[in-house]
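# What the coordinates show
Here's the letter readout for the chains.
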Amino acid sequence: MEHFYTLQGEGFHSGKAAYFIRLGGCDVGCVWCDVKESWDANAHPILSVSHLVDAASRLPGRIAVITGGEPAMHDLTALCEGLHLAGFATHIETSGAHPLSGQLDWVTLSPKKFKQPLTQFIDQADELKMVIYHSSDFEWAEKFAAQVAPGCKLYLQPEWSRREIITPLIIEYIKLHPQWQLSLQTHKYINIP
């Protein structure tokens, strides 16, 4: 769908320079998705791995974030291989609804109620990022926190359109459950892609 150089705005790597590769196609269908234009894979041009790697390689950052849509719908083997050969660490942001492919250095799992993650995927997560839209989502978050591997980073992130209502709830929740950390979409606050 698009590719661009910016700062990672969320989670453990927030604030780091990263080249984002947003793949078209998603069958999860979150009602609050902020990139619904990514859902139809056929609406976007097909670019070669070499084109993407060349574009990313012109810039100094060496983190490539593969996102979507739902990037795990695609076979990422060749893309990850090309990025690794160019010196990139490969990160993915996924709902976990599809099996992973390719050699990935960092896996951000963000389960969605609309299509739950595959059970074999959960223990591969380096970070669990739970988007909180409603107070009932805390229980949903704990369900997955109990399943991820020890050492997985745990983040609660307010859904952007409800951030003013949800952020205070998350703050209070984390104060009572300090295994969690707050993730904010800092790129939206500072108005970068």
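The structure reproduced in this document is the subject of the present report. (Residues numbered from 1 in each chain as written. Predicted model: local features only at pLDDT ≥ 70, side-chain atom pairs only at ≥ 80, totals over all residues. Heavy atoms only, no water.)

## Digging into the sheet that holds strand β3 (residues 63–67)
To keep it simple, the criterion reads: Being paired, for any two strands, means DSSP has found at least two bridges between them. Helix and strand assignments come from DSSP, with helices taken as H or I runs of at least 4 residues and strands as E runs of at least 2, each series counted from the N terminus. Contact criterion: two residues are considered in contact whenever any of their non-hydrogen atoms come within 4.5 Å of each other. Here an axis means a line fitted to C-alpha atoms, over the contact stretch when the element is a helix, while the angle between two N-to-C directions is reported on a 0 to 180 degree scale.
Ordered in space as β1-β2-β3-β4-β5-β6-β7-β8, the 8 strands form an open sheet in which the pairing is mixed. What marks the edges here is a single partner per strand, and that holds for β1 (2–7) and β8 (181–182). Direction of pairing for strand β5 (residues 106–109) relative to strand β6 (residues 127–132): parallel, over a ladder of 2 bridges. Paired with Leu109 across the two strands is Leu128, which belongs to β6. Sheet strands touched by helix α4 (residues 137–145): β6 and β7 (153–158). Its angle to β6, the strand with the most contacts, is close to 165 degrees. Sheet contacts for helix α5 (residues 163–176): β6, β7 and β8; angle to β7, the most-contacted strand, approximately 150 degrees.

## Some thoughts on the nonpolar core
Definition in use: In these notes, a set of buried Ala, Val, Leu, Ile, Met, Phe, Trp, Tyr and Cys residues joined through side-chain atoms within 4.5 Å is what counts as a nonpolar core. Buried, partly exposed and exposed residues are distinguished by accessible area as a fraction of the type maximum, computed with a 1.4 Å probe on protein chains only: under 20%, between the cut-offs, and over 50%, respectively.
Residues Ile66, Leu83, Leu128, Met130, Leu156 and Trp180 are the most contacted members of the largest nonpolar core, which totals 38 residues. A per-element tally of this core places α4 first, with 5 residues. Those residues in contact with Leu156 that sit more than four places away from it in its chain are Met130, Ile132, Phe138, Ala141, Ile170, Tyr173, Ile174, Trp180, Gln181, Leu182 and Ser183. Ranked by size, the runner-up nonpolar core spans 6 residues in total, among them Cys26, Val28, Cys33 and Val35.

The analysis is restricted to geometry; functional conclusions fall outside its scope.
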